[in-house]
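Here are the chains, one letter per residue:
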Amino acid sequence: MTRLPALAVSALVTAAVLAPATAHAASPPFTGAVFRATHNSYSGNVDGAKNSLAHQLDHGVRFIELDVHDNGYATTHDYAVGHGSPGDLVDHSGGNPASDNLRDWLTTVNTWSAQHPGAAPIVVMLDLKDDLTDNPSYAAGNLTALNQELESVFGARLLRAQDYPVGEPTVDALRGRVLALLSGDGTSRGEYKRDVGYHPAVALDGRGRIVEVHDSGAGGLWYWTGTYGADGRITWLRHGKYDNGQTPAVALNDDGDLVEVHQSPGATTLWSHVGKLGADGEITWQASHQYDNGVLPTVAFTDGTHVREIHRSQSTSQNWTWNGTLAGTAVSWTGNARTADARYAKETATGGGRRVTVWTGADGPTPAQTLRADTDRVTGDRIRYRQVAFDEFQQGDSAELQQGALFYGAPATESAFITAARRSGKLVRGWDFDSAGQATTPLANYPATNHPYDAWYQNLLDQAGAVE
């Protein structure tokens, strides 16, 4: 057998490592592949030399960055694209959308993806420039609204984070799919993964619909709605703020009528709300009305139109009760009296042979007030938004943002962070990758550049076997 000189063997090995992938080569694992990526993709030729989104995708880019603001959501019912503000550094030429509306920019990517079903998976990163957690409802543009926009635009092409395949999918297994990635504002990324609250209470009807209420610990009252699934897990649908107060409780009947009771913030007046749970999971709330003084109120339906409320005296351990009748947009309360009955166990609800319990507790590195839910079949799940998008972990982020993260990100100059993350099997973005001298070993999966057509970038990505 003829042996090759050591230098020749080394050259062959190097060539094999650096050779571009071919149609006949085995598909690499997704986390092991390298893809062309752009930084501030929406800025086209206004900032850098990128051209339109479609042009970028036509030339092999598989990572698109859109900076997102929520300014004006109440008017446009959409988020806006731009760097420092909506429209800032946005290039509307070359086939890019004429508007700054996020939906139009997502639709551009979706249209291209639909026309190229064999393309390697496209990551659409939304760099959140504003805090979305101060949007108090779906209508105001909270993270539920963002989820809905992603799903409505991309449809079946969207690979939701919660559906990411177990194990190590190959690039070929994900061709034709789009993955959404949240970056930017850390508060929003944190709340996307978990919610925190105090004094949670829950109601469950016979159809498996769920309403959870809690206070913020600082005077705000918030709700979640969801459904009990065939697997015993809860899918949380809508989230929002409905009033100010503390220690809330809630009851729900099979017609979607709900009655909520709570104390006023920092005081002992008791208030009630009537609400209606819609098919989309949204609650239409009526105005609150004071009905008594006391603390720690609880409530339950006794039939389809009547409720009973039990609370404790604000000055003694005596419990008091009221009988309530749903009357239009409020409850008519009668029969106030002392009672030896215990207050209802507001943290647990049963209905239709199902059971749900809500509580607070840390889940690994999350806060002690992380909202959790058990059912009769599943324990310890977080009460949180559906995980439609992936959540990026960035250099310097908290441990809870790192927990379970698949995507990592850092400036291209942070070579130690990039290489460590790559070697641990993560998908890594290095942004402002504008020099061949910033290349690491291994190279970032997504070296996000402002100059994707420069010869140095093309040569480097070809040598790294960039996948298209």
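As the structure is a prediction and not an experimental result, all values here were calculated from the model.

Draft legend 1. View of the overall build of the protein. Secondary structure assignment for the protein yields nine helices and 27 strands. C-alpha atoms of the protein, sized along the principal axes, occupy 100 × 55 × 35 Å. In the protein, the proportion of contacts linking residues at least 24 apart, taken out of those at least 6 apart, comes to 56%. Carbon together with sulfur atoms contributes 50% to the accessible area of the protein, which is approximately 18900 Å² in total. Of the side-chain charges in the protein, 35 are positive and 52 negative, and the distance between the mean point of each set is 7 Å.

Draft legend 2. Focus on the domain arrangement of the protein. Its domain assignment divides the protein into domain 1 (30–191 + 387–464) and domain 2 (195–382). Counting residues at the interface gives 10 residues for domain 1, matched by 14 residues for domain 2. In total, about 860 Å² of surface goes out of reach between domain 1 and domain 2, with carbon and sulfur atoms giving 48% of it. Among the residues domain 1 hides against domain 2, the three largest losses belong to Pro 136, Glu 400 and Gln 403. Together they make up 45% of the total. Counting across the interface, domain 1 meets domain 2 through zero salt bridges.

Draft legend 3. Summary view of the pairing of strand 20 (residues 354–360). By the bridge criterion, four bridges tie strand 19 (residues 348–351) to strand 20 in an arrangement that is antiparallel. Among the inter-strand pairings, Thr 348 is bridged to a residue of strand 20, identified as Thr 357. In sequence, strand 19 turns back onto strand 20 through a hairpin of two residues, with Gly 352 there showing a positive phi of about 60°. With five bridges connecting them, strand 20 and strand 21 (residues 371–375) associate as antiparallel partners. For Thr 360, the partnering residue across the bridge sits in strand 21 and is Leu 371.

Draft legend 4. Summary view of the side chain of Arg 36. Checked against the element boundaries, Arg 36 lands in the loop between helix 1 (6–18) and strand 1 (37–38). For Arg 36, the side chain forms a polar contact with the side chain of Asp 462, separated by 2.6 Å. There is a polar contact of 3.0 Å between the side chain of Arg 36 and the side chain of Glu 468. The contacts of Arg 36, once residues within four sequence positions are left out, are His 59, Gly 60, Val 61, Arg 62, Phe 63, Tyr 457, Gln 458, Leu 461, Asp 462, Ala 466 and Glu 468.

Draft legend 5. How the structure looks around the packing of aromatic side chains. Counted according to the given criterion, the structure contains 20 aromatic pairs. Geometrically, the ring pair formed by Tyr 73 and Tyr 79 is tilted, given 4.8 Å between the ring centres and 50° between the ring planes. According to the relative accessible area criterion, Tyr 79 is buried, its value standing at 0%. The interplanar angle of 85° and the centroid separation of 5.6 Å between the aromatic rings of Trp 456 and Tyr 457 together place this pair among those described as edge-to-face. Site record: aromatic cluster; members linked through ring pairs are Phe 30, Phe 35, Phe 63 and Tyr 446.

Draft legend 6. Seen up close, the sheet that holds strand 27 (residues 446–449). Here five strands make up an open sheet; going across it, the order is 1-27-26-25-24 and the pairing parallel. Looking at which strands have only one partner, the edges of the open sheet turn out to be strand 1 and strand 24 (393–394). Note: strand 24 against strand 25 (residues 407–411), two bridges, orientation parallel. From the neighbouring strand, Phe 393 faces strand 25, where its bridge partner is Tyr 408. Strand contacts of helix 8 (residues 415–423): strand 24, strand 25 and strand 26 (427–431), with the helix running at about 165° to strand 25, the strand carrying the most contacts.

Draft legend 7. Spotlight on the side chain of Arg 238. With respect to the helices and strands, Arg 238 occurs in strand 9 (residues 234–244). By relative accessible area, Arg 238 is classed as buried at 9%. Polar side-chain contacts of Arg 238 include one of 3.0 Å to the side chain of Glu 282. Excluding anything up to four places from it in sequence, Arg 238 contacts Tyr 138, Thr 144, Tyr 223, Trp 224, Thr 225, Asp 280, Gly 281 and Glu 282.

Draft legend 8. Broad picture of the pattern of salt bridges. Using the criterion set out here, one finds 18 salt bridges in the structure. The partner of Arg 233 in a salt bridge is Asp 381, and the shortest N-O contact between them spans 2.7 Å. Residue Arg 233 is found in the loop between strand 8 (220–228) and strand 9, and its partner Asp 381 is found in strand 22 (residues 381–382); the two are separated by 148 residues along the sequence. Overall, the relative accessible area of 25% leaves Asp 381 in the partly exposed class. Between Asp 363 and Arg 382 there is a salt bridge; the shortest N-O distance is 2.7 Å.

Draft legend 9. Highlighting the nonpolar core. Residues Leu 66 and Leu 126 are the most contacted members of the largest nonpolar core, which totals 49 residues. The residues that make up this core include at least three from each of domain 1 (30–191 + 387–464) and domain 2 (195–382). Among all residues touching Leu 126, those that are not within four sequence positions of it are Leu 66, Val 68, Leu 102, Leu 106, Leu 146, Leu 150, Leu 181, Leu 182 and Ser 183. Listed in part, the 22 residues of the second largest apolar core include Met 125, Leu 179, Leu 181 and Ala 448.

Draft legend 10. Spotlight on the environment of Asn 51. In this structure, Asn 51 sits in the loop between strand 1 and helix 2 (53–58). Through-space distance from the C-alpha of Asn 51 to that of Ser 85 is 21 Å; in sequence the pair is 34 residues apart. Every residue in contact with Asn 51, bar those within four places of it in the chain, is listed here: Ser 41, Gly 44, Asn 45, Gln 56 and Tyr 453.

The rules we used
- Residues numbered from 1 in each chain as written.
- Predicted model: local features only at pLDDT ≥ 70, side-chain atom pairs only at ≥ 80, totals over all residues.
- Heavy atoms only, no water.
- Helix = DSSP H or I, 4+ residues; strand = E, 2+ residues; numbered from the N terminus.
- Contact = heavy atoms within 4.5 Å.
- Areas by Shrake-Rupley, 256 points an atom, 1.4 Å probe, with all protein chains shown as cover.
- Lys, Arg positive; Asp, Glu negative; His and termini not counted.
- Charge placed at Lys NZ, Arg CZ, Asp CG, Glu CD.
- Domains from an automatic or database assignment.
- Buried area = accessible area lost by both parts, 1.4 Å probe.
- Salt bridge = Lys/Arg side-chain N within 4 Å of Asp/Glu carboxyl O.
- Pairing = 2+ DSSP bridges.
- Polar contact = N/O pair within 3.5 Å; in protein donor to acceptor, adjacent residues only side chain to side chain.
- Phe/Tyr/Trp six-rings, centres within 6.5 Å; stacked < 30°, edge-to-face > 60°.
- Buried < 20%, exposed > 50% of the residue type's maximum accessible area, 1.4 Å probe, protein only.
- Axes fitted to C-alpha atoms, helices over the stretch in contact; angles between N-to-C directions.
- Core = buried A, V, L, I, M, F, W, Y, C linked by side-chain atoms within 4.5 Å.

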